[in-house]
Amino acid sequence: MAACRRVPRLLLLMSILLYVHPIREDKYQINGVAKPPVSVVIPAQNPGVVPAAVNGAPVLAALPLRRRTSGWKLAEEGACREDLTRLCPKHSWNNNLAVLECLQDRKEETEIAADCNHLLWNYKLNLTTDPKFESVAVEVCKTTITDDVHSQGEVIACLEKGLVREAEEQPGAHAIGANCKKAIMRVAELSSDDFHLDRYLYFSCREDRERFCENTPAGEGRVYKCLFNHKFEEAMSEKCRDALTTRQKLIAQDYKVSYSLAKACKTDLRKYRCSADTNMPRAREARLSYLLLCLESAVHRGRTVSGECQGEMLDYRRMLMEDFSLSPEIVLHCRGEIEAHCSGLHRKGRTLHCLMRVGRGDLGAIDNLCQKALQTLIQEADPGADYRIDRALNEACESVIQTACKHIRNGDPMILSCLMEHLYTDKMVEDCEHRLLELQYFIARDWKLDPILYKKCQGDASRLCHTHGWNETSEMMPPGAIFSCLYRHAYRTEEQGRRLSRDCKVEVQRILHQRALDVKLDPELQRRCMTDLGKWCSEKAESGQELDCLQDHLEDLVSECKDVVGNLTELESEDIQIETLLMRACEPVIQSYCHEVADNQIDTGDLMECLVQNKHQKEMNDKCAVGVTHFQLVQIKDFRFSYKFKMACKEDVLKLCPNIKKKVDVVLCLSTTVRNDTLQDMKEQRVSVKCRKQLRVEELEMSEDIRLEPELYDSCKQDIGRLCQNVAFGNAQVIECLKENKKQLTQRCHHKVFKLQEVEMMDSELDYQLMRVCKPMIRRFCTEADAKNMLQCLKQNKNSELMDPKCKQMITKRQITQNTDYRLNPVLRKSCKADIPKFCQSILNKATGDSELEGQVVSCLKLKYADQRLSPDCEDQIRVILQESALDYRLDPQLQLHCTDEISRLCPEEAAAQEQTGQVEECLKVNLLKIKVEGCKKEVLNILKESKADIFVDPVLHTACALDIKHHCAAIPPGRGRQMSCLMEALQDKRVRLQPECKKRLQDRIDMWSYAAKVAPAEGFSDLAMQVMTSPSKNYILAMIGLGVCVLFLFGLLCGRITKRVMQEQKNR
């Protein structure tokens, strides 16, 4: 208040100057009419009373003041007598300023005589320049003003600045009394229609008015508004800018200081009772913020507010966003943040956006009061309704709006949504991205600040979430609580209770899509997970990936963060379109394969299921594949995260698998229940039909990536790093790699892989690689086959000429696997369930539960097949195995185990052949005498023994003798060595002429069998009997045996009679 110490000293000088040097403003007109000078007598005023109303009038030369007695009354002037009598109560006539206030207020509603209008305007002009007014001001504000003030209007300017400093609680500010405050605001109101009446501002801005507003006519506050619009122009003088800022701050304290706003909104204020709260202090009612909130509330509720008033509101909302200093709360509570982070950025809303950035946590911590002041200011300015209110955002995003959002009407609230849709895209520019996120951070904390959401959901919010009015807030309700309530109801089923209206749900989904782009746009998530975000996700480089990071560390989060992340993940499982970044990345796949489910308003998990099913299509890019896999990995942590599975199986889980939370464990529990019920032939399955159907989908999805089976992945992580480090996880490639290197696996991993293979062999549909590689062949050969028995069907068609080589190779791999252990061949296991413990119990006794049998049981059964001791069902299955392994030595694990070196030494060319037709086995038979490894020799001898039982087991011989079998043995059924015996008899019959090749092969086989009999004699009577029965010379041998028996019998009879006679003779003696 240094300028306020020289008031009395210069009053006389001001009067002289006004008399000697009147102001010339003839060229400016009001409403196009130049008005002549009017002499007005200004008497001494009653102390403490100041003009109240505001109106426009022409600026003319203020004539020399005619001194009259202190008893002069404005009511006595003839120019206003008629209007005064008609409009103002008689008790106010003795008070000039009460008369002025009455006529000013009423002239907006009714016509006032031109002479009276001129009189009033000049009276106001003289009030703001006459030393007598200054003496009144000094009297009213004597506790504030201690000395004189000089020059035009500086007393008023000094008082106005003092009022502002006190509101902002600036250091050194003086306390101003209530009457003084009222007087200052009344004076400001008086000058609100014409900037000439604000003498200090007029002299400060004369040149700027000429520069920027030369063609703007004075009156009705037009020059003020013009200057406000150019306040941040580079050419604007600092003195004028400061004067304009002071006036704007006064408007912020009392909207009536803006003539145009008070006039335009007068009717609407009265209509919506914005000044009807008698319990509220007048100072609060008059604040610009209160007016804006009250009228904005009416607009958002769908009420009609005049276009002129809305236009004025738009201007002042923009003004609040441009200059943070117009909000005393921001200046007061954010002083530290401004000095630390945002100094020197006050123009064009940059400081405010800097504070918003601090509020987001991008630049450091922010004081709670500052955060609250920012949130309040955003609500007052309401930039969500029209982005143009935020000048910093408008300028930063202009290019993006013109390219990406040009189809939306300028100023439409959907512009902000459009900008959010293009966040992190090629069309977005960095500056726009920052300004947009800074604003959205605060809009996200109050659902009412999104006008479209508020319009569509206000009924639902009131009905379901007990909301307050638009301009009312609850200190007890945390930020974002109403929206959290809305989205919880948005995804409720009919059985769960009340749901949102369709229009509201669409808007809730839109907001959720936006929030997925930045974790800070979700107030509840940021509040509860602030510690975990810093701990686990501080190094996350890409924007929009914070939620993915939290999901990855779900088990490590604190409980309250874990709950909110779990709820969001559960929500995503129902509507994956919430994941905006993922949807962008997956757009090609969605357009090609999933457009039908993507177009549905209600997702219910169908879109994610479609993406998983098409994860390996050529349209799938890396970003989409990574995103889909991430969501699959998150889903296994809790069965609730898989919406379709949760809805289909929740009752079954509660009944059969209580207290199990992890999805993989729930799937295992339910699938085990289904398998047991099936094996036990239960009449009624315990797992419901809809759950079994969805369970099948989940099992198929889990088979695609080893990471979706955490127990298997954890057990084999070391082996994967050692044996499969360059193998991609998708398409079950890592699982296949582990299977191929099974002998090199650690015991723990080996056991898990074996268990996985056991499950896959029981249900071929779970064998992802087999189903993928053989998909075309399945469509060709196995359309009617049960999916669980797909491998069996493919095996039957393996040697078809139409079989795809890759599929054939995959079938061979699975056959090799099955023959290593009878437990991996469910058909054999079932058919031989009685034979295995009967004949191979010794092998089972030696084996442990974790070890594989390396084909020992199958080899045991093969030998019993040669001995013709198996049950019919088991015999049929072993015959198939023998036929298959006879063609491909790799299908005989015991042969491979013992003969690998010998095959490499004796039969390298045959082993290298792409198509195996039994040539390796034939090579080993031919080179039997050269085999050095006893184990290998024994296996070859077993093959020879097996081939005696059925010619189909010897493919080389069968091929050579095919015509002879057809001609000579067609009537003899195969099996039990019958056709082989037929050929041997034909070979011995000189009347039968066999094919030379067949004859040669048969003779070779006889020699081999003879050698085998010598090398491997019978181990017991049963083996001897079987050798005889399977021998080609069976009839001869049996005849000789019979003859020998007869000779012995006759010899016995003879010896018996002789013995009897001798004994009789001894008795007779």
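Here the residue numbering is sequential within each chain, running from 1 through the sequence in written order. Since the coordinates come from a predicted model, pLDDT governs what is reported: local features require at least 70, and pairs of side-chain atoms require 80 or more to be given and counted, while whole-chain, interface and lining totals use all residues. Side-chain measures were taken over the full set of non-hydrogen atoms in the model, leaving aside hydrogen atoms and water.

Quick look at the overall build of the protein chain
Then, number 1: Where helices and strands are cited, they refer to DSSP runs of H or I of at least four residues and of E of at least two residues respectively, numbered from the N terminus. For the protein chain, the helix and strand inventory stands at 56 helices and 2 strands.
Then, number 2: In the protein chain, 66% of the contacts between residues at least 6 apart in sequence involve partners at least 24 apart.
Then, number 3: Summing over all exposed atoms, the protein chain offers an accessible surface of approximately 50800 Å²; the carbon and sulfur share of this is 51%. It only takes one pair of heavy atoms within 4.5 Å for two residues to be counted as in contact. Per-residue and other accessible areas were derived by the Shrake-Rupley procedure at a 1.4 Å probe size, with only the shown protein chains allowed to occlude residues.

A short note on the packing of helix H13 (residues 288-300) against helix H18 (residues 368-381)
Then, number 1: Lines are fitted to the C-alpha atoms to define the axes, a helix being fitted only along its stretch in contact, and any angle between axes, read from their N-to-C directions, falls within 0 to 180 degrees. Viewed as axis vectors pointing N to C, H13 and H18 meet at an angle of 55°, and their least axial separation amounts to 8 Å. When the axis of H13 is compared with that of H18, the two are oblique. Residue-level inspection shows Ser 289, Leu 292, Leu 293 and Glu 296 of H13 in contact with H18, the latter providing Gln 379, Glu 380 and Ala 381.
Then, number 2: Here the nonpolar group is Ala, Val, Leu, Ile, Met, Phe, Trp, Tyr, Cys and Pro; Asp, Glu, Lys and Arg are the charged ones; every other residue, Gly included, is treated as polar. Broken down by class, the residue content of the contact of H13 with H18 amounts to 3 nonpolar, 2 polar and 2 charged. Reported orientations rely on four angle classes, namely roughly parallel under 35 degrees, roughly antiparallel over 145, roughly perpendicular from 65 to 115, and oblique for the rest.

Focus on the packing of aromatic side chains
Then, number 1: Side-chain rings of Phe, Tyr and Trp (the six-membered ring for Trp) are treated as a pair once their centres are within 6.5 Å; stacked means planes under 30 degrees apart, edge-to-face means over 60, and tilted covers the remaining angles. Tallied over the full model, the rule gives 7 aromatic pairs.
Then, number 2: Between the aromatic rings of Tyr 202 and Phe 203, the centroid separation amounts to 5.0 Å while the plane-to-plane angle is 70°, which identifies the pairing as edge-to-face.
Then, number 3: Ring centres of Trp 447 and Tyr 454 lie 5.1 Å apart, and the angle between their planes is 45°; this geometry places the pair in the tilted category. An identical accessibility class is assigned to Trp 447 and Tyr 454; each is buried.
Then, number 4: Taken together, Phe 195, Tyr 202 and Phe 203 form an aromatic cluster joined through their ring pairs.
Then, number 5: Note on criteria: charge over ring means Lys NZ or Arg CZ within 6 Å of the ring centre, with the direction from the centre no more than 35 degrees off the ring normal. Seen from the ring of Tyr 441, Arg 445 lies directly overhead, with NZ or CZ sitting 3.5 Å from the centre.
Then, number 6: Over the aromatic face of Phe 729 sits the side chain of Arg 707, whose NZ or CZ is 4.2 Å from the ring centroid. Three labels apply to residues, based on accessible area from a 1.4 Å probe with only protein chains included: buried if under 20% of the type maximum, exposed if over 50%, partly exposed otherwise in between.

Examining the packing of helix H45 (residues 856-866) against helix H50 (residues 934-949)
Then, number 1: Where H45 meets H50, the closest approach of the two axes is 8 Å, and the angle between their N-to-C directions is 45°. Judged by the inter-axis angle, H45 sits oblique to H50. Between H45 and H50 the crossing geometry is left-handed. Here Lys 862, Leu 863, Tyr 865 and Ala 866 of H45 lie close against H50, whose contacting residues are Asn 942, Lys 945, Glu 946 and Ala 949.
Then, number 2: The residue inventory of the contact of H45 with H50, partitioned by class, reads 4 nonpolar, 1 polar and 3 charged. For any pair of crossing helices, the crossing counts as left-handed if the nearer helix is rotated counterclockwise from the farther one by less than a right angle, and right-handed if it is rotated clockwise.

Re the nonpolar core
Then, number 1: The term nonpolar core refers to a set of buried residues drawn from Ala, Val, Leu, Ile, Met, Phe, Trp, Tyr and Cys, joined through side-chain atoms within 4.5 Å. Core analysis: the largest hydrophobic core is formed by 97 residues, its most contacted members being Leu 288, Leu 295 and Leu 419.
Then, number 2: With residues up to four places along the chain from it excluded, the contact list for Leu 295 reads Cys 265, Asp 268, Leu 269, Tyr 272, Cys 274, Val 305, Cys 309 and Met 313.

With respect to the state of the cysteines
Then, number 1: Whenever a pair of cysteine sulfur atoms sits within 2.5 Å, that pair is classed as a disulfide. Enumeration according to the criterion identifies 27 disulfides in this entry.
Then, number 2: Between the sulfur of Cys 205 and that of Cys 240 lies a disulfide, 2.0 Å long from S to S. Sign of the S-S torsion, about 105° for the bond between Cys 205 and Cys 240, identifies this disulfide as right-handed. A residue pair is termed long-range when its members are at least 10 positions apart, and Cys 205 in helix H8 (residues 199-212) and Cys 240 in helix H10 (residues 238-253) qualify at 35 residues. For the pair formed by Cys 205 and Cys 240, the shared burial category is buried.
Then, number 3: Two residues share a disulfide in this structure: Cys 213 and Cys 226, whose sulfurs sit 1.9 Å from each other. Across the disulfide from Cys 213 to Cys 226, rotation about the S-S bond amounts to roughly -100°, and the bridge is consequently left-handed. Here Cys 213 is found in the loop between H8 and helix H9 (222-229), whereas its partner Cys 226 is found in helix H9, with 13 residues between them in sequence. Summarising the burial analysis for this pair, Cys 213 and Cys 226 share the class buried.

Overview of helix H17 (residues 350-360)
Then, number 1: Among the 11 residues of H17, 9 are classified as buried, and the element is accordingly described as predominantly covered.
Then, number 2: Restricting attention to buried positions, one finds in H17 the residues Thr 351, Leu 352, His 353, Cys 354, Leu 355, Met 356, Val 358, Gly 359 and Arg 360.

Concerning the environment of Gln 796
Then, number 1: Within the element layout of this structure, Gln 796 appears in helix H40 (residues 790-796).
Then, number 2: In this structure, the C-alpha to C-alpha distance between Gln 796 and Phe 781, residues 15 residues apart in sequence, is 9.4 Å.

Some details on a nonpolar patch on the surface
Then, number 1: Only residues whose relative accessible area exceeds 30% and that form no salt bridge are eligible for patches; like-charged ones are grouped when within 9 Å, while nonpolar side chains (Val, Leu, Ile, Met, Phe, Trp, Tyr) are grouped when within 5 Å. Basic side-chain nitrogens of Lys or Arg form a salt bridge, by our definition, when they fall within 4 Å of a carboxyl oxygen of Asp or Glu. A surface patch of nonpolar side chains, amounting to about 250 Å² of accessible area, comprises Leu 1038, Ile 1041 and Val 1045.
Then, number 2: Looking at where Val 1045 falls in the secondary structure, it is placed in helix H56 (residues 1034-1068).

What about the pattern of salt bridges?
Then, number 1: Considering all chains together, one arrives at 63 salt bridges under this definition.
Then, number 2: Close ionic contact of Asp 362 with Lys 520 constitutes a salt bridge, the shortest N to O distance being 2.5 Å. Residue Asp 362 is found in the loop between H17 and H18, and its partner Lys 520 is found in the loop between helix H24 (502-515) and helix H25 (523-536); the two are separated by 158 residues along the sequence.
Then, number 3: Exposure remark for Asp 362: the relative accessible area of 34% places this residue in the partly exposed category.
Then, number 4: Lys 520 sits in the buried class, given a relative accessible area of 19%.

Some thoughts on the confidence of the model for the protein chain
Low-confidence regions, as indicated by low pLDDT, have predicted coordinates that should not be scrutinised in detail.
Then, number 1: With 83% of its residues at a pLDDT of 70 or more, the protein chain shows a mean pLDDT of 81.
Then, number 2: The predictor attaches a confidence to each residue, called pLDDT, with possible values from 0 through 100. A low-confidence stretch, residues 1-70 stays under pLDDT 50, and its non-local contacts, those more than four residues away or across chains, total 181 contacts.
Then, number 3: Note that pLDDT drops below 50 for residues 278-282; the model gives that stretch 4 contacts with residues more than four away or on any other chain.

Here we look at the side chain of Ser 192
Then, number 1: Within the fold, Ser 192 resides in the loop between helix H7 (178-190) and H8.
Then, number 2: Engagement of the side chain of Ser 192 in a polar contact is seen with the backbone oxygen of Glu 189, the distance being 2.8 Å. Polar contact is defined as a pair of N or O atoms within 3.5 Å, subject to the rule that within protein one atom must be able to donate a hydrogen and the other to accept it, and that residues adjacent in sequence are counted only when both atoms are side-chain atoms.

With respect to the side chain of Glu 946
Then, number 1: With respect to the secondary-structure elements, Glu 946 resides in helix H50.
Then, number 2: Although buried, Glu 946 forms no salt bridge, and the nearest oppositely charged side chain, Lys 862, lies 5.1 Å from it. In this count, Lys and Arg are taken as positive residues and Asp and Glu as negative ones, while His and the chain termini are left out.

Some details on unusual backbone geometry
Then, number 1: For Asp 382, which is not glycine, the phi dihedral falls at a positive 50°.
Then, number 2: Inspection of the secondary structure assignment puts Asp 382 in the loop between H18 and helix H19 (391-404).
Then, number 3: The backbone phi angle of Asn 731 is positive, close to 60°, even though this residue is not glycine.
Then, number 4: Residue position: Asn 731 is located in the loop between helix H35 (710-723) and helix H36 (733-740).

As for the environment of Glu 189
Then, number 1: Note that Glu 189 resides in helix H7.
Then, number 2: With 65 residues separating them along the chain, Glu 189 and Asp 254 place their C-alpha atoms 8.8 Å apart.

Some words on helix H6 (residues 154-167)
Then, number 1: The span you would expect from a helix comes to 1.5 Å times its residue count less one. Relative to the 20 Å expected for 14 residues at 1.5 Å per residue, H6 spans 20 Å between its end C-alpha atoms, a close match to the ideal helical length.
Then, number 2: Regarding H6, the residues found buried are Glu 154, Val 155, Ile 156, Ala 157, Cys 158, Leu 159, Glu 160, Gly 162, Leu 163 and Val 164.
Then, number 3: Phi turns positive one or two residues past the end of H6, at Glu 169, with a value near 55°.

Looking at the environment of Thr 820
Then, number 1: With respect to the element layout, Thr 820 can be found in helix H41 (residues 805-820).
Then, number 2: Leave out the neighbours within four places in its chain, and Thr 820 touches Lys 742, Glu 852, Leu 853, Glu 854, Gly 855 and Pro 893.

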